[in-house]
Amino acid sequence: MPEIREPDRLDKLLDKQFVMTDAGRIDRIRDLYTTFNDKVDLDALKQGGYIDAVDKMMEPITMSLDDHAPEVVAYWAKQGMVKEFHGQNDVMSWTEYEARTGYHWEDAEGQAPQNTRKLWNSFVPVSAFRPENRDRKYPAVVVLHGGFNPISVIDGWGWVQEAARREWIVIAPSLELDDIIAEILEKAEQLYPIDKSRVYACGFSYGGFMSNLLGNKRPDLFAAVAPCGAPISNGFCEKALGPEPQTPFDGVSRAGKMGVYMPVMNIYGNLDGFRFPFYDFKDYFTGESGTKDLINGVNAWARVNHAAGISLDAVMALKDREDVSIEEKCIGLPLEPDCRETIEREGITSYIASLKSEDGIVRTRIMCTMNMPHWPTPEMSRQAFAFFSHFSRNPETGESVYHP
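For clarity, every value in this text was computed on a predicted model and none was experimentally measured.

The rules we used
- Residues numbered from 1 in each chain as written.
- Predicted model: local features only at pLDDT ≥ 70, side-chain atom pairs only at ≥ 80, totals over all residues.
- Heavy atoms only, no water.
- Helix = DSSP H or I, 4+ residues; strand = E, 2+ residues; numbered from the N terminus.
- Contact = heavy atoms within 4.5 Å.
- Polar contact = N/O pair within 3.5 Å; in protein donor to acceptor, adjacent residues only side chain to side chain.
- Pairing = 2+ DSSP bridges.
- Axes fitted to C-alpha atoms, helices over the stretch in contact; angles between N-to-C directions.
- Salt bridge = Lys/Arg side-chain N within 4 Å of Asp/Glu carboxyl O.
- Buried < 20%, exposed > 50% of the residue type's maximum accessible area, 1.4 Å probe, protein only.
- Phe/Tyr/Trp six-rings, centres within 6.5 Å; stacked < 30°, edge-to-face > 60°.

**Quick look at the environment of Ser205**
Tracing the chain through its elements places Ser205 in the loop between strand E7 (194-204) and helix H10 (206-217). In this structure, Ser205 is in contact with Gly146, Cys228, Gly229, Ala230 and His374, ignoring residues within four places of it in sequence. Polar contacts involving the side chain of Ser205 include one to the side chain of His374, which spans 2.7 Å.

Here it is, written out as structure tokens:
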């Protein structure tokens, strides 16, 4: 057989298909880095080894278009995870929900069929089913999908692979309302040995906005959150956004109100909404500077975590300065030397900004990944889980506990 040339091999990887939307739209890996964002330097990703890394990350959703397929379940078993499906018969009555909460939501165009049932998938380490581990408790991460995405998409986002390496449990719900997630978590805790002091939330795109909202609303459930593919904010919303249900929120952080910390790590690419560097961000609809809103979001979390706020003037001043670090220049935040970091792995570069709480502990962190559009990277899950590992929450007092 003739030897496959490297460009041909990489193109074959890029042409692998997966299910992008709950309505069944099929996309290619290539579309993520070309069709949806023509600013990505695809050649650089090829030459740096990133295409192999993203292919490996997305393997469970490109090997079959059905995440219930035996080969997909077998894939997870080889990773040391038991994948199970729940809620197929648990119908979501929006009429009853509206009567109970006063919140009205409907899928007028039929674009979100998954929201008709309280579906959730679980990924549990094989070791949790062994008799010798009957008393062992496992950290758990709630992973939230993006708008229009099927629940299956999180199989290819790297979160579950990282959980497998750490022997953590993953819960992936279809409905992303905080009270429904609390209900699902309660069911999961009855089935699996979840450590209630180490439950975390993360998500990408719409799931990023929702994990940000969970961090603001539910310090009683989560020890830390990692909103990705979306900027952090105070979580305020007045109504449902797009096809996904989202109850209104008053913008008051419950952790701040309780006087407890809520650690947060925010991650997305510099080509994802073009929000990095912060001082250059322009609102897509108005063309006006959106930097103030971004900084307000960062400062909202800084207040919750008792970190020093960042002034808009200090951010804007970075634009014309040459005497600043590469992290400050690319992220767009003024940072002390011990609060910035550069990571180079799998052909991509990421910059990390850390905001220290008044006790010197980093509880607010922002990561910018270069040459990256609106899609997760393997490093995203690695960094988020590493951040999570430092925090737990006392389920009795609600206090955030730091683990060096």
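**Remarks on the sheet that holds strand E10 (residues 340-345)**
Strand order across the open sheet formed by 10 strands is E3-E4-E6-E5-E7-E8-E9-E12-E11-E10, with mixed pairing between neighbours. The open sheet is flanked by strand E3 (81-86) and E10, the only strands paired with a single partner. The average angle at which neighbouring strand axes cross in this sheet is 20°, direction not considered. Taken together, the 5 bridges between E7 and strand E8 (residues 224-228) define a ladder with parallel strand orientation.

**Notes on unusual backbone geometry**
Cis peptide bonds are those with omega within 30 degrees of zero, and the linkage from Phe276 to Pro277 qualifies with -15°. In this fold, Pro277 is placed in the loop between strand E9 (264-269) and helix H12 (291-304). With a phi close to 60°, Glu167 is a non-glycine residue in the positive phi region. As for its placement among the helices and strands, Glu167 is situated in the loop between helix H8 (159-166) and strand E6 (169-173).

**Notes on the pattern of salt bridges**
According to the stated counting rule, one finds 31 salt bridges in the structure shown. In this structure, the salt-bridge partner of Lys196 is Glu189, at a minimum N-O distance of 3.9 Å. In this structure Glu189 comes out as partly exposed when scored by relative accessible area, which is 27%. The network of salt bridges with common partners includes Asp11, Asp15, Arg28, Arg30, Asp31 and Lys46.

**Observations regarding the environment of Ala226**
Tracing the sequence through the fold places Ala226 in strand E8. When the C-alpha atoms of Ala226 and Pro263 are compared, they prove to be 8.6 Å apart, with 37 residues separating the residues in sequence. Contact partners of Ala226, with chain neighbours within four places excluded, come to Ala201, Cys202, Gly203, Ser211, Met265, Ala384 and Phe388.

**Considering the packing of aromatic side chains**
Within the structure shown, the criterion is met by 18 aromatic pairs. With a centroid separation of 5.5 Å and 50° between ring planes, the pair formed by Phe18 and Trp375 is classed as tilted. Pair noted here: Phe18 is in strand E1 (residues 17-19) and Trp375 is in the loop between strand E12 (362-369) and helix H15 (378-388), with a separation of 357 residues, a long-range link. The class for Phe18 is buried, based on a relative accessible area of 0%. Relative to Phe388, the ring of Phe385 lies with its centre 6.0 Å away and its plane at 45°, an arrangement referred to as tilted. In this pair, Phe385 and Phe388 are both assigned in helix H15, 3 residues apart and thus about one turn of the helix distant. Assigned by exposure class, Phe385 and Phe388 land together as buried.

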